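In case you want the letters, here they are:
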Amino acid sequence: MAALVGRGVRDMLKRADFMTVPRRQRHKKKWAATEPKFPATRLALQNFDMTYSVQFGDLWPSIRVSLLSEQKYGALVNNFAAWDRVSAELEQLSARDFVNEAVFHGELEPENGQTAAPPPASWACSPNLRCFTFARGDVSRFPPARLGSLGVMDYYLMDAASLLPVLALGLQPGDTVLDLCAAPGGKTLALLQTGCCRNLAANDLSTSRAGRLQKVLHSYVPQDVRDRNRVRVTSWDGRKWGELEGDIYDRVLVDVPCTTDRHSLHEEENNIFQRSRKKERQMLPMLQVQLLAAGLLATKPGGHVVYSTCSLSHLQNEYVVQGTIELLANQYDIKVHVEDLTHFRKLFMDTFSFFPSCQVGELVIPNLMANFGPMYFCKMCRMT
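So, how was this worked out
- Residues numbered from 1 in each chain as written.
- Predicted model: local features only at pLDDT ≥ 70, side-chain atom pairs only at ≥ 80, totals over all residues.
- Heavy atoms only, no water.
- UniProt positions renumbered as here; feature names shortened; annotations may be inferred.
- Helix = DSSP H or I, 4+ residues; strand = E, 2+ residues; numbered from the N terminus.
- Buried < 20%, exposed > 50% of the residue type's maximum accessible area, 1.4 Å probe, protein only.
- Contact = heavy atoms within 4.5 Å.
- Areas by Shrake-Rupley, 256 points an atom, 1.4 Å probe, with all protein chains shown as cover.
- Phe/Tyr/Trp six-rings, centres within 6.5 Å; stacked < 30°, edge-to-face > 60°.
- Polar contact = N/O pair within 3.5 Å; in protein donor to acceptor, adjacent residues only side chain to side chain.
- Axes fitted to C-alpha atoms, helices over the stretch in contact; angles between N-to-C directions.
- Left-handed = near helix turned anticlockwise from the far one by under 90°.
- Nonpolar A, V, L, I, M, F, W, Y, C, P; charged D, E, K, R; others polar.
- Arc of directions from axis to C-beta.
- Expected span 1.5 Å × (residues − 1).

- An unreviewed UniProt entry annotates the protein chain as 5-cytosine rRNA methyltransferase NSUN4 originating from Monodon monoceros.
- The Sequence similarities (unreviewed entry) comment attached to the protein chain in UniProt states, word for word, "Belongs to the class I-like SAM-binding methyltransferase superfamily. RsmB/NOP family."

Next up, the structure:
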């Protein structure tokens, strides 16, 4: 009872003290102006803790600490530079070309004296790509790329896992290729490095991001090559591409906007977990379905599409693929076949850590010993 009385007296004194101050001199707290904003990076981590702890179970603590740690990079050698000299210099840093090393060791070997059968054509990686990484557990950094003797940059630094969707696309000489969501340009550059593009359409809805893509192309690709490959950079709404250019392309890359999980944990700028972008974030899976559907509609029957994200979310990965395939079957009577990429995972498992339980496609998960990704990719063939 005494405590209640004491509390009542204190409250009354506070009110009395407040009332003695003239109204015009009273200070009212302005929450929006004075309180520190809750960072989008923290919102992202809270969201991931809630969703990914369920999705990944016991793997999540390891993935979490890796996402919060420094990312590992690869150096994509520019074939339009003096690539042999560049490769030799990267080897002197004790880096290794993970692509050609994997392809060399992954060739089918005879067993029990039997002659090995040739691998299916769908297993073929896109050719002529050279990307150097440091070994597992080696956290060395590559020096910044520099301008080479041929007037273009020597190599392009990127998350090496970002090269996997391009490798999986399996380009062949003379292909017509569409990169539907191309900026900032690393995957577009890799597509050109293959030397297979008869025509390359590189699109991004954002004009500012398309401008960044143009800068990458000008820094790494000579003008005569850009002309010869008929590189076309556009800023169209990718969701409408199937209506604009249907049934045209041999190969289509659909690297969609996503929650960009690693970026969302480290950068406030352009962070999709900002409160003002909540609706945009919630609508992502629908946008991703629309973009993948457009990419498949733009593909010739018999052509291939690779869908990719840099998110761990199965709502943005497997569910989008499965939902899009169902949509095309029901609304367009188009059959899409998902390619089995088990061989692809085995080919590159010395460099990357793969999630073992994807329903469709493959997912590179961050790991402290090989801190690449996340990177999800799924290869499809349009059958009809």
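**So, the overall build of the protein chain**
- The number of helices and strands found in the protein chain is 16 helices and twelve strands.
- Counting over 384 residues, the protein chain shows a buried share of 48%.
- Summarising the internal contacts of the protein chain: among those between residues at least 6 apart in sequence, 76% fall at separations of at least 24.
- Working note: accessible area of the protein chain is about 19800 Å², and carbon and sulfur atoms make up 55% of it.

**Re the packing of aromatic side chains**
- For the structure shown, the criterion picks out 16 aromatic pairs.
- Ring geometry for Tyr 307 versus Tyr 376: centroids 6.4 Å apart, planes at 70°, classification edge-to-face. Separated by 69 residues along the polypeptide, Tyr 307 in strand β9 (residues 299-309) and Tyr 376 in strand β12 (residues 375-382) bring together distant segments of the chain. Comparing Tyr 307 with Tyr 376, the two get one shared label, buried.
- Linked through ring pairs, Phe 98, Phe 344, Phe 348, Phe 352, Phe 354, Phe 372 and Phe 377 together constitute an aromatic cluster.

**Some thoughts on the UniProt feature "binding site: S-adenosyl-L-methionine" (unreviewed entry) in the protein chain**
- Sequence positions flagged by UniProt for "binding site: S-adenosyl-L-methionine" (unreviewed entry) are, in local numbering, Cys 181, Ala 182, Ala 183, Pro 184, Gly 185, Gly 186, Lys 187, Asp 204, Asp 237 and Asp 255.
- Mapping Gly 185 onto the fold places it in the loop between β5 (175-179) and α8 (186-193).
- Among the residues examined, Gly 185 registers a relative accessible area of 0% and is labelled buried.
- The residues contacting Gly 185, other than those within four sequence positions of it, are Tyr 156, Leu 213 and Val 216.
- By secondary structure assignment, the location of Asp 255 is in strand β8 (residues 249-255).
- The residues contacting Asp 255, other than those within four sequence positions of it, are Cys 181, Lys 187, Ser 308 and Thr 309.
- One polar contact links Asp 255 to Lys 187, side chain to side chain, over a distance of 3.2 Å.

**A short note on the packing of α8 against helix α9 (residues 207-220)**
- Their axes nearest at 9 Å, the elements α8 and α9 cross at an angle of 35°. Classified by chirality, the crossing of α9 by α8 is right-handed. Together, Thr 188, Leu 189 and Leu 192 of α8 and Leu 213, Val 216, Leu 217 and Tyr 220 of α9 make up the contact between the two elements.
- The class makeup of the residues in the contact of α8 with α9 is six nonpolar, one polar and no charged.

**Comments concerning helix α5 (residues 83-92)**
- Within the sequence span of α5, burial applies to Val 86, Ser 87 and Leu 90. What you see down the axis of α5 is that its buried residues fit within an arc of 100°, all on one side. Opposite the packed face of α5, turned more than 90 degrees from it, sit the exposed residues Glu 91 and Gln 92.
- Where α5 is buried, its residues contact β1 (74-77), β3 (131-133) and β4 (155-158).
- Positive phi appears at Ser 94, one or two residues downstream of α5, with a value of about 70°.

**Details of helix α15 (residues 318-331)**
- Over its 14 residues, α15 runs 20 Å from end to end, which matches the ideal 20 Å to within 8%, given 1.5 Å per residue.
- Among all positions of α15, only Glu 318, Val 320, Val 321, Thr 324, Ile 325 and Leu 328 are buried.
- Each element contacted by the buried residues of α15 is listed here: α14 (284-298), β9, β10 (336-338) and β12.
- Just downstream of α15 lies Asp 333, where phi reads positive at about 55°.

**Concerning the environment of Leu 368**
- Mapped onto the elements, Leu 368 comes out in the loop between β11 (362-364) and β12.
- When the C-alpha atoms of Leu 368 and Leu 67 are compared, they prove to be 8.7 Å apart, with 301 residues separating the residues in sequence.

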